[in-house]
Amino acid sequence: MIETTWTRAIIVPAYAKINLTLEVLGRRTDGYHDLVSVMQTIALHDMIGLRPAPAGSYTLDCDDPALAGDDNLVLRAARLLAGTLDPPPTTGAAIELRKAIPAQAGLGGGSSDAACVLGMLYRMWDGHLSGEHLCELAAQLGSDVPFFLGGGTALVRGRGEHIAGLPDGEPLWLVLLKPPVAVSTAAAFKALTPDDYGDGSASDAVAGALRAGQPLPLDRLANSFEPSVLRDYPAAARARDAFHAAGAPFVRLSGSGPTLYAPFRELLPATAVYQRLRAEGHEVWLTHTVPLKSVAFAYQETARE
Ligand code: C5P
């Protein structure tokens, strides 16, 4: 049994993401799609509490009863890691989850929660897996999960499991709008036609600018899901129109939607758009990008316990 010194409760943030680019390159024979995406951690976050529990015991308390089931990805993450570590950990985990990231929104909430639990328990249990093995476990939980092990800004390839870190870009204010529809990721991938596929050039342009320390080319942000989601979900198209009418120059879909985001270099225009959309009754957030250092800091602080 691993002798763990983990005795104290910890509470950590699990950040959401947006896709600055998301280009689906094509369908694979295993049912997944190859993609290339520049993913970006944002400040909107859930909070996760972890307490040591008797060995083999994994429980979840969640303030959203709809997500509190035994199949929640955070419980699967805890069990997967415990079942992989050899020797097994001497403590279980009592997990608490306070949701702020809307579910099934394209913001990676469930994936971020799972990666946070995986990463924190790995530290609490003093695991000794290679980075690659940990990433493989994350990918078993979902295609977006590996990105959240590191966060910040990253170029993501494959079905989501190949992560190359990028330098932090200039900070951006973000207005998010979630139209009142649910989009299943699997259905959104199925709805794609070859016309929707990208060639990776938008991601290359954005990654290239970040590597060169240049301003983010906001006109190169791209998302392969946008045409089909805006076509199939009129509420999403109305939301996009409302964004433009409120004065947002750039509006993109995050993930497979339905959340749309508008990036701004300055707070005042972002606030004006946010307030107008909110007054119109839309579900909106005013948030910002989070640099890698802040994500790493949040983990390190707690790992020092
Ligand atoms: O990996 P995850 O469970 O999040 O994926 C949900 C579904 O989305 C998959 O079952 C698959 O249908 C689709 N998907 C895909 N290509 C990807 C990621 C997800 O086709 N790269």
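Residues numbered from 1 in each chain as written. Predicted model: local features only at pLDDT ≥ 70, side-chain atom pairs only at ≥ 80, totals over all residues. Heavy atoms only, no water.

Caption draft 1: Spatial organisation of the packing of helix α2 (residues 109-124) against helix α3 (residues 131-141). Between α2 and α3, whose axes approach to 10 Å, the crossing angle comes to 150 degrees. Here α2 is positioned roughly antiparallel relative to α3, judged by the angle of their axes. Where α2 crosses over α3, the two elements pack in a sense that is right-handed. Listed contacts from α3 to A114, L118 and Y122 of α2 are L134, L137, A138 and L141. Classifying every residue of the contact of α2 with α3 gives seven nonpolar, no polar and no charged. (Axes fitted to C-alpha atoms, helices over the stretch in contact; angles between N-to-C directions. Helix = DSSP H or I, 4+ residues; strand = E, 2+ residues; numbered from the N terminus. Parallel < 35°, antiparallel > 145°, perpendicular 65-115°, else oblique. Left-handed = near helix turned anticlockwise from the far one by under 90°. Contact = heavy atoms within 4.5 Å. Nonpolar A, V, L, I, M, F, W, Y, C, P; charged D, E, K, R; others polar.)

Caption draft 2: Looking closely at the nonpolar core. One finds L81, I95 and F243 to be the most contacted residues of the largest nonpolar core, which totals 70 residues. Top element by residues in this core is α2. It accounts for nine residues. In this structure, L81 is in contact with L118, L121, Y122, W125, L129, L134 and L137, ignoring residues within four places of it in sequence. (Core = buried A, V, L, I, M, F, W, Y, C linked by side-chain atoms within 4.5 Å. Buried < 20%, exposed > 50% of the residue type's maximum accessible area, 1.4 Å probe, protein only.)

Caption draft 3: Up close: the environment of N72. Along the chain, N72 falls in the loop between β3 (58-62) and α1 (73-84). Not counting residues within four places of it along the chain, the set of residues in contact with N72 comprises L60, L67 and L97. At 2.8 Å, the side chain of N72 and the backbone nitrogen of V74 are in polar contact. (Polar contact = N/O pair within 3.5 Å; in protein donor to acceptor, adjacent residues only side chain to side chain.)

Caption draft 4: Highlighting the sheet that holds strand β7 (residues 173-177). With antiparallel pairing, the four strands of this open sheet are ordered in space as β9-β10-β7-β11. Edge positions in the sheet fall to β9 (252-253) and β11 (284-288), since each of these pairs with one other strand and no more. With five bridges connecting them, β7 and strand β10 (residues 260-264) associate as antiparallel partners. Pairing of W173 across the sheet is with F264, part of β10. Relative to β11, helix α9 (residues 267-279) is tilted by about 165 degrees, and along the sheet it contacts β7, β10 and β11. (Pairing = 2+ DSSP bridges.)

Caption draft 5: Quick peek at the side chain of D113. On the secondary structure map, D113 appears in helix α2. In contact with D113, not counting residues within four places along its chain, are A14, D46, I48, V74, L97 and K99.

Caption draft 6: Here's a closer look at the pattern of salt bridges. Within the structure shown, the criterion is met by 13 salt bridges. The salt bridge involving R28 is made with D30; its shortest N-O contact spans 2.7 Å. Judged by its relative accessible area of 43%, D30 falls in the partly exposed class. Its salt-bridge partner being R265, residue E170 comes within 2.7 Å of it at the nearest N-O pair. Linking E170 in the loop between β6 (162-166) and β7 with R265 in the loop between β10 and α9, this pair joins segments that are 95 residues apart in sequence. (Salt bridge = Lys/Arg side-chain N within 4 Å of Asp/Glu carboxyl O.)

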